[in-house]
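What the coordinates show
So you can see what is in the structure, the chains are spelled out below.
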Amino acid sequence: MPYPEKATGFLIHDQKKWSTFKKEEFKLKPFEDRDIDIAIEACGVCASDLHTINGGWGECPLPICVGHEVVGRAIKVGKEVKTIKVGDRVGVGAQIGADLTCDNCKADQENYCPNSIDTYGAPYPDGTVSMGGYSSHIRAHEYFTFKIPDNIPSDIAAPMLCAGLTVYSPLVRLGAGPGKKVAIVGIGGLGHFALLWAKALGAEVYAISHSPHKKEDALKMGAKDFIVTNEKGWNDPWKFKFDFIINTADALHKFNLPDYLSTLKVMGRFHTVGFPDHPLPELKAQDFAPNGSYIGASHIGNRPEMLSMFELASKQNIKSWVETINISEEGCKEAVERLSKNDVHYRFTLVGFDEAFGKRT
């Protein structure tokens with residue numbers, strides 16, 4: 001085992017062969033006083049992983065080990081770490097570093113830090129490139145490491161660390177709660193969390209989808225009603241209905257956005273966390289005028305939101321809808337290829353890390 005200087009993971013070497021993973025070693029960043037070493041036991045498979053390895057979001061540093069929904073046991077903590085001790089079960093999401101000194105960081109907006117470091121594919125100050133959770137170990141800063149509540153299993157917790165937070169943050173920032181009507185577009189890996197959280201926060205939540213077969217699932221997740229968009233005029237009964245919309249679908253380029261905007265109340269917001277490989281459809285300023293609506297986006301969430309999200313999930317016994325796959329070269333291949341076909345119900349979590357990497361203490 002190459003640890004503690006190196007970890008072992010499943011990496012891709014060519015974006016044209018994006019589902020070909022090879023098990024190999026990679027260098028860890030130098031260990032610092034607020035760092036935590038984690039022996040990984042579960043890692044969610046995020047659409048961001050797919051967009052990165054297949055080139056949908058452009059070039060990435062190669063070879064790369066993706067995965068930013070990481071759960072495992074802390075096996076080493078730096079001398080200045082105060083919130084985590086050896087043996088704790090912890091998680092790391094899509095961000096692993098920031099300067100923690102800029103105005104954004106001081107305002108609990110570290111997810112918008114200009115010196116943010118992504119969990120994989122980003123350079124550290126020493127030149128080491130961050131590597132993700134399809135691996136034996138990850139070395140993370142304390143600020144971006146979170147204790148996982150005891151009553152949330154690791155395979156259930158893992159997808160919350162990116163997908164869960166990505167929708168939880170805009171929901172709370174836009175005011176989801178009693179008396180608010182919220183619509184969720186896209187009932188997939190992100191959208192199913194949006195329904196679960198919006199309902200748990202007390203909002204009246206509606207599901208919007210082009211897939212009628214997802215109705216039963218959406219209602220189980222807390223939707224009051226299910227709106228199908230595959231017929232012209234679908235929006236007419238819903239005009240001026242919603243305080244805001246969270247879009248989780250990555251097919252915005254196919255949307256007739258004025259139809260969606262028309263369902264918002266005056267000054268309502270269409271907020272997207274689904275990031276497609278294609279540009280947004282053309283819009284005119286006049287498209288926003290009938291109800292004074294807005295369109296925007298956000299990036300993951302901050303530490304306080306991550307902590308409150310896990311507290312909500314723990315107290316209300318909220319569970320991710322996951323399928324598990326044992327990590328291996330073939331397991332990683334299966335996960336990303338099925339994800340590319342939307343053949344997932346509703347998130348994948350890679351498990352079986354002891355079998356792949358041995359016991360790690």
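Cut-offs used in this document
Residues numbered from 1 in each chain as written. Predicted model: local features only at pLDDT ≥ 70, side-chain atom pairs only at ≥ 80, totals over all residues. Heavy atoms only, no water. UniProt positions renumbered as here; feature names shortened; annotations may be inferred. Helix = DSSP H or I, 4+ residues; strand = E, 2+ residues; numbered from the N terminus. Phe/Tyr/Trp six-rings, centres within 6.5 Å; stacked < 30°, edge-to-face > 60°. Buried < 20%, exposed > 50% of the residue type's maximum accessible area, 1.4 Å probe, protein only. Lys NZ or Arg CZ within 6 Å of the ring centre and 35° of its normal. Pairing = 2+ DSSP bridges. Axes fitted to C-alpha atoms, helices over the stretch in contact; angles between N-to-C directions. Contact = heavy atoms within 4.5 Å. Core = buried A, V, L, I, M, F, W, Y, C linked by side-chain atoms within 4.5 Å. Salt bridge = Lys/Arg side-chain N within 4 Å of Asp/Glu carboxyl O.

UniProt marks residues 19–350 with the feature "domain: Enoyl reductase (ER)" (unreviewed entry), using the numbering shown here. Annotated as 23% helix and 25% strand, the span residues 19–350 places its first and last C-alpha atoms 15 Å apart.

Before going further, it helps to spend a moment on the packing of aromatic side chains. All chains considered together, the criterion is met by 13 aromatic pairs. Ring geometry for phenylalanine 193 and tryptophan 197: centres 5.8 Å apart, planes at 15°, overall stacked. Placement of the pair is phenylalanine 193 and tryptophan 197 together in helix α5 (residues 189–200), with a separation of 4 residues, close to one helical turn. Neither phenylalanine 193 nor tryptophan 197 differs from the other in exposure class; each is buried. Taken together, the ring pairs in this structure connect Trp234, Phe255, Tyr260 and Phe270 into an aromatic cluster. Over the aromatic face of tyrosine 294 sits the side chain of arginine 269, whose NZ or CZ is 5.3 Å from the ring centroid.

This brings us to the sheet that holds strand β13 (residues 242–247). Sheet architecture is open: 6 strands sit in the order β12-β11-β10-β13-β14-β15, paired in parallel fashion. Each edge of the open sheet is held by one strand with a lone partner, namely β12 (225–228) and β15 (294–297). Between one strand axis and the next, the sheet turns by 20° as a mean value, whatever way the strands run. Most of the contacts of helix α4 (residues 163–173) go to β13, to which it runs at about 160°, and overall it touches β10 (181–185), β13 and β14 (264–272).

Let's shift gears to the nonpolar core. Counting 50 residues, the largest nonpolar core has Met160, Val167, Leu171, Leu195, Trp197, Met309 and Phe310 as the members making the most contacts within it. Listing elements by their share of this core, those giving two or more residues are α3 (154–157), α4, β10, α5, β11 (204–209), α6 (215–221), β13 and α8 (303–316). Considering each element in turn, this core owes the most residues, 8 residues, to α5. The residues touching tryptophan 197, leaving out its near neighbours within four places in the chain, are Met160, Gly164, Val167, Tyr168, Leu171, Met309, Leu312, Ala313 and Ile318. Within the second largest apolar cluster, 48 residues are counted, among which are Val45, Val90, Phe348 and Ala356.

Looking now at the environment of alanine 39. In this structure, alanine 39 sits in strand β3 (residues 35–45). The exposure class assigned to alanine 39 is buried, which follows from its relative accessible area of 6%. Separated by 314 residues in the primary sequence, alanine 39 and phenylalanine 353 have C-alpha atoms spaced 8.9 Å apart. Once residues within four sequence positions are removed from consideration, alanine 39 is found in contact with Gly72, Arg73, Ile75, Ser136, His137 and Arg360.

Tallied over the full model, the rule gives 20 salt bridges. With a closest N to O distance of 2.7 Å, aspartate 37 and arginine 139 form a salt bridge. Taken as a pair, aspartate 37 in strand β3 and arginine 139 in strand β8 (residues 137–141) lie far apart in primary sequence, 102 residues in all. Relative accessible area serves as the criterion here: at 1%, aspartate 37 is assigned to the buried category. Arginine 139 gets classed as buried once you look at its relative accessible area, which sits at 6%. A salt bridge links lysine 220 to glutamate 216; its shortest N-O distance comes to 3.4 Å. Here lysine 220 and its partner glutamate 216 are both found in helix α6, 4 residues apart, which amounts to about one turn of the helix. Like lysine 220, the residue glutamate 216 is exposed in the burial classification. Here the residues in one salt-bridge network are Glu323, Glu334, Arg338 and Asp343, joined through shared partners.

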